[in-house]
Amino acid sequence: QYRAMYVRAQALVHLGRSDAALQALDEVEVAYRTDPVLYKIYLASVALVRAEWLWRSGDTTGARRLVDELMNDWDPAAPVPSPALRRVFLLAAELALARVDPAAAVTFSEAALKAGAAIAADPTRSAHVGQAMLLLAQAQRAQGLQDQASRNLSDAIVALGNGLGEDHAKVAGARALLAEWNTAGTALQSQR
């Protein structure tokens, strides 16, 4: 029942139904707090969805605070980051891009990519890997690394298309971004 409440809250966040999402998050958090030791990982999942809700609601500071708390135990030198951190890394990379910190965005997107690739049966068919590559490409582009960014974006389109389906909005958005970058690159070359 608690898991169903959590999935409902997550769906409401992704649908953009802010008031209902916040109420659902509060309800599931109260339920999981009945045994914080047993439900530790689930409470972390609720905190992540709350951070996503804050981010979508425009509260970047609140989202960053929760993401920072969730990453307290992260060891960047660990051979493979915990799979539970995959979505946290993705959100951390998005937040870093929003605050125009491409170096941090590269760090977090690479960590998300590493975690996703480590558990994917086939990384070229993983939406998580594709999302991490998309964020990595955007961060690299912000650093002026156009060639690397374009290669990673092309690979992201393949993984997202295989993982989500060719008609998914994220795939279409990534394709449009690549076309925009290619157009900008062609215009820049013709000016030289």
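Before going into details, it helps to say that this report is about the structure given with it. (Residues numbered from 1 in each chain as written. Predicted model: local features only at pLDDT ≥ 70, side-chain atom pairs only at ≥ 80, totals over all residues. Heavy atoms only, no water.)

Remarks on unusual backbone geometry
Right, so step 1: Not every positive phi belongs to a glycine, and Val-100 is a case in point at roughly 55°.
Right, so step 2: Residue position: Val-100 is located in the loop between α5 (86–98) and α6 (102–119). (Helix = DSSP H or I, 4+ residues; strand = E, 2+ residues; numbered from the N terminus.)

Side note on helix α1 (residues 2–15)
Residues spaced three or four apart along an α-helix face the same direction, because each turn holds 3.6 residues.
Right, so step 1: Here α1 is 14 residues long and its end C-alpha atoms lie 20 Å apart, about the 20 Å a rise of 1.5 Å per residue gives.
Right, so step 2: Looking at α1, one finds that the buried residues are Tyr-6, Ala-9, Gln-10, Leu-12 and Val-13. Across the axial projection of α1, the buried residues extend over an arc of 160°, all falling on one side. Exposed side chains of α1 directed beyond 90 degrees from the buried face belong to Ala-4 and Leu-15.
Right, so step 3: Against α2 (18–32), α3 (40–56) and α5 lie the buried residues of α1. (Expected span 1.5 Å × (residues − 1). Buried < 20%, exposed > 50% of the residue type's maximum accessible area, 1.4 Å probe, protein only. Arc of directions from axis to C-beta. Contact = heavy atoms within 4.5 Å.)

Observations concerning the packing of α6 against helix α7 (residues 127–142)
Right, so step 1: Where α6 contacts α7, the two axes come as close as 8 Å, and the packing angle between them is 160°. Of the possible angle classes, the one that applies to α6 and α7 is roughly antiparallel. α7 is crossed by α6, and the crossing has left-handed handedness. Facing α6, whose interface residues are Pro-102, Ala-105, Val-106, Ser-109, Glu-110, Ala-112, Leu-113, Gly-116 and Ala-117, α7 presents His-128, Val-129, Ala-132, Met-133, Leu-135, Leu-136, Ala-139, Gln-140 and Ala-142.
Right, so step 2: Class assignment of the residues belonging to the contact of α6 with α7 gives a composition of 13 nonpolar, four polar and one charged. (Axes fitted to C-alpha atoms, helices over the stretch in contact; angles between N-to-C directions. Parallel < 35°, antiparallel > 145°, perpendicular 65-115°, else oblique. Left-handed = near helix turned anticlockwise from the far one by under 90°. Nonpolar A, V, L, I, M, F, W, Y, C, P; charged D, E, K, R; others polar.)

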